[in-house]
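# Summary of the model geometry
Letter by letter, the chains look like this.
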Amino acid sequence: MPIPPKFHCPECGVEMKRRPGGKCPECGVDVREHVRDERDREERIEKVVAVVSTILVLALSLFAGGCSVVEGVLVYAVAGFAVWYWGRGTF
Ligand SMILES: [Zn+2]
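In this convention, every chain numbers its residues from 1, walking through the sequence in written order. Where totals are concerned, whole chains, interfaces and linings use all residues; where local detail is concerned, this predicted model gives features only for residues with pLDDT of at least 70, and gives and counts side-chain atom pairs only at 80 or more. Derived side-chain values reflect all non-hydrogen atoms in the structure, with water molecules and hydrogen atoms excluded from consideration.

Time to look at the overall build of the protein chain. Numbering of helices and strands starts at the N terminus; helices are DSSP runs of H or I of at least 4 residues and strands are runs of E of at least 2. Within the protein chain one finds 2 helices and 0 strands. Evaluated residue by residue, the protein chain yields a buried proportion of 23% over its 91 residues. Residue contacts are defined here by distance: any two heavy atoms, one from each residue, within 4.5 Å place the two residues in contact. Restricting to contacts in the protein chain with at least 6 residues of sequence separation, those with at least 24 account for 41%. When the accessible surface of the protein chain is summed, it comes to about 6600 Å², and 63% of that surface belongs to carbon and sulfur atoms. For every residue, the accessible area obtained with a 1.4 Å probe (protein chains only) is divided by the maximum for its type, and the residue is called buried under 20%, exposed over 50%, and partly exposed between those limits. All accessible areas in this document rest on Shrake-Rupley with a 1.4 Å probe, and a residue is counted as covered only by the protein chains that are shown.

Spelled out as structure tokens, the structure:
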């Protein structure tokens, strides 16, 4: 997904654009483990999104009796974003 992950400090909740030395720039707490967990979570979501999107596209193209490449890509993009959005709130 093209949207870069955002990391929030687990202690003070500030959004960390930079993490000098793996620490929160606001309160100085060590956030390396937190960032790693967030990255793992993003990867899990992306895997689920890829699988569910593929199933959705296959189901849709079967239902529609096959669609053109452009329609397929469009459906894939829309479904991918929808599932990704849903995944972020669920996992
Ligand atoms: Zn902080």
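Next comes the rest of the write-up.
Right, let's get into the side chain of S53. Mapped onto the elements of the fold, S53 is located in helix α1 (residues 32–63). Setting aside anything within four residues of it in sequence, one finds S53 in contact with Y76, A79 and G80.

Quick look at the coordination of the zinc ion now. In this analysis a donor is any N, O or S atom within 2.8 Å of a metal ion (3.2 Å for sodium, potassium and calcium), and since water is not included, sites may seem incomplete. Protein-derived coordination of the zinc ion comes from C9 (SG), C12 (SG), C24 (SG) and C27 (SG), at a distance range of 2.2 to 2.3 Å. In this structure, the zinc ion is coordinated by 4 donor atoms arranged in tetrahedral fashion, with angles at the metal of 105 to 113 degrees. The sequence pattern describing where the donors of the zinc ion fall on their chain is C-x2-C-x11-C-x2-C. Of this pair, C9 sits in the segment before α1 while C27 sits in the segment before α1, and the two are 18 residues apart along the sequence. Classification of C9 as buried rests on a relative accessible area of 4%. Classification of C27 as partly exposed rests on a relative accessible area of 41%. Each label reflects the angles at the metal, where four donors whose angles all fall between 85 and 135 degrees are tetrahedral, four or six donors whose opposite pairs open beyond 155 degrees and whose other angles stay between 65 and 115 are square planar or octahedral respectively, and the rest are irregular.

Here the focus is a negative patch on the surface. There is a patch of like negative charges on the surface, built from E33, D37, D40, E43 and E46. Position of E46 relative to the elements: it lies in helix α1. To count toward a patch, a residue needs a relative accessible area over 30% and no salt bridge; like charges are then connected within 9 Å, while nonpolar side chains (Val, Leu, Ile, Met, Phe, Trp, Tyr) are connected within 5 Å. By convention in these notes, a salt bridge is any Lys or Arg side-chain nitrogen within 4 Å of a carboxyl oxygen on Asp or Glu. As used throughout, the charge tally considers Lys and Arg to be positive and Asp and Glu to be negative, leaving His and the chain termini uncounted. Charge positions come from single atoms, namely NZ of Lys, CZ of Arg, CG of Asp or CD of Glu.

Moving on, we get to the nonpolar core. Side-chain atoms within 4.5 Å are what join buried Ala, Val, Leu, Ile, Met, Phe, Trp, Tyr and Cys residues into a set we call a nonpolar core. Grouped together as the largest cluster of nonpolar side chains are 6 residues: F7, C9, M16, C24, V31 and V35. Excluding residues within four positions of it along the chain, F7 makes contact with V14, E15, M16, R19, V35, E38 and R39.

This next bit is on the pattern of salt bridges. Enumeration according to the criterion identifies 2 salt bridges in this entry. R32 serves as the salt-bridge partner of D30, at 2.4 Å between the closest nitrogen and oxygen. Put simply, E38 and R41 hold a salt bridge, and the shortest N to O gap is 3.6 Å. Note that E38 and R41 are positioned in helix α1 at a spacing of 3 residues, about one turn of the helix.

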